[in-house]
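Given next are the chains, with one letter for each unit.
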Amino acid sequence: MMGMPRGGRLFLATCLCSFFVLVLYFQSITKPETAQKTGSRPGKSRRSPLQTFYKGDQKQLKLSGAQKPLQGRREVLEQACLSHTKKRRVLSPEDLKHLIVDDKHGLIYCYVPKVACTNWKRVLMVLTSNGRYTDPLAIPANEAHVAGNLRTLSEFSVTEINQRLRSYLKFIFVREPFQRLVSAYRNKFTRSFNTAFHKRYGTKIIRRHRLNPEPEALEKGNDVSFREFVQYLVDPRTQREGPFNEHWERVHSLCHPCMIHYDVVGKYETLEPDAHAVLRLAGVEGKVNFPTSSKSTTTDSSMAERFFKQISPFYQKKLFNLYRMDFLLFNYSTPEYLRTR
């Protein structure tokens, strides 16, 4: 080294430095991969265990010919999720409050208000009560909704959540979004007994969206029009205030169907055969029957159309954009009565 010319020594030093830089670089890009493979640095992982449950073990259901539409719906949902969701956030146990668990029969049901959820809760109370209940219709509707009567997935640890999501039969029932919305409005704002909803939501809606409201309306909030309700829903202030009330919250926000692999997607429009299929797949069709509906004023397409005649095309378009994902994910067509131009 000492006998080398000064220029040669500089060249050699430069080569050595470059070599060490390359060594450090390759170490830096290979270390994370090694740690991930060996699991030697679990504390450094940013992945939540709940991130992986959509891709968990998926049941291969044995469906009869009449039940094949259930398989088709699941495939449509999966394809729609791939097409319309770019980023999947990580779910927390708090997001799972609508998923009811029946450990005895290995069931998980995501309840959606205004989609026969009262009767499904009654059925699950019969299945989980160890004989206390035998007839779903003997259970009062208000008792079916009492917190604590049924366990939700949010009550379990992350490990227990993942285990159930991988192995239990998971099902959901959905409904045409605008028919469900009109049903929620009729039930919560046109029934005199729903004073709690009138006070909490009606007074706010009238204060924000009615010109020169009467003092009595501001106090009671019991005469909200459907037009005012729609204005409230599309108001940016409403969306900034936090999640919607569950009765008009979007299904994809309640049940996360692009992150949780539901084995069965039932529909309100084919409620009885779909409910029977779920009970058969769960192996409980001889233990309990799904209650048949006796309602004579169910909100259907023609009734929804009558309500939407009150809504301008401008607000119809805004409302459709708000519920667009539910239309896409569950394969509901845009209503013919909608005027968005």
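Below you will find a few notes about this structure. Per chain, residue numbering runs from 1 following the sequence as it is written. Side-chain atom pairs in this predicted model are given and counted only at pLDDT of 80 or more, local residue features only at pLDDT of at least 70, and totals for whole chains, interfaces and linings cover all residues. The basis for the side-chain values is all heavy atoms of the structure; hydrogens and waters are excluded.

### Things to note about the sheet that holds strand S4 (residues 169–174)
Rules: The pairing criterion for strands is at least two bridges between them, as found by DSSP. Per the convention used, a helix needs a DSSP run of H or I reaching at least four residues, while a strand needs a run of E reaching at least two, with both numbered from the N terminus.
Pairing is mixed across the open sheet formed by five strands, whose spatial order is S3-S1-S2-S4-S5. Since the sheet does not close on itself, it has two edges, and those belong to strand S3 (151–152) and strand S5 (264–267), each with one partner.

### As for the pairing of S5
Just so we agree on the cut-off: Note on exposure labels: buried denotes an accessible area under 20% of the residue type's maximum, exposed denotes more than 50%, and partly exposed covers the range between, all computed with a 1.4 Å probe on protein chains only.
The side-chain alternation of S5 yields two buried faces, one formed by Val264 and Gly266 and the other by Val265 and Lys267. Summarising the sheet, S4 and S5 pair through four bridges and their orientation is parallel. Directly across from Ile172, in S5, lies its bridge partner Val265.

### Details of the layout of surface pockets
We count it as follows: Of the grid points, spaced at 1 Å and generated over the protein atoms alone, those admitting a 1.4 Å probe that cannot get out make up cavities, while open sets with protein on both sides within 12 Å along at least five of seven lines make up pockets; any residue with an atom within 4 Å of a point is treated as lining. Grid points are joined across faces, edges and corners, and a volume is the space filled by probe spheres set on the points. The residue classification treats Ala, Val, Leu, Ile, Met, Phe, Trp, Tyr, Cys and Pro as nonpolar and Asp, Glu, Lys and Arg as charged. All others, Gly included, are polar. Each domain's extent was defined by an automatic or database domain assignment.
Its volume calculated, the largest pocket comes out at about 1100 Å³. Around the largest pocket, the lining comprises 45 residues; the ones closest to its centre are Lys114, Cys117, Thr118, Asn119 and His145. Counting only elements with at least two residues in the lining of the largest pocket, the list comes to helix H3 (117–128), helix H4 (141–144) and helix H6 (177–189). When residues of the lining of the largest pocket are assigned to their parent elements, the largest contribution, five residues, is made by H3. A breakdown of the residues in the lining of the largest pocket according to their chemical character gives 17 nonpolar, 17 polar and 11 charged. The residues that make up the lining of the largest pocket include at least three from each of domain 1 (64–177 + 251–297) and domain 2 (180–247 + 300–324). Estimates place the volume of the second largest pocket at around 570 Å³.

### Observations regarding the side chain of Asp274
Applicable threshold: Polar contact criterion, stated in full: a pair of N or O atoms within 3.5 Å, where within protein one must be able to donate a hydrogen and the other to accept it, and residues adjacent in sequence count only if both atoms are side-chain atoms.
As for its position among the elements, Asp274 is in helix H12 (residues 271–281). Within the structure, Asp274 has its side chain in polar contact with the side chain of Thr270 (distance 2.7 Å).

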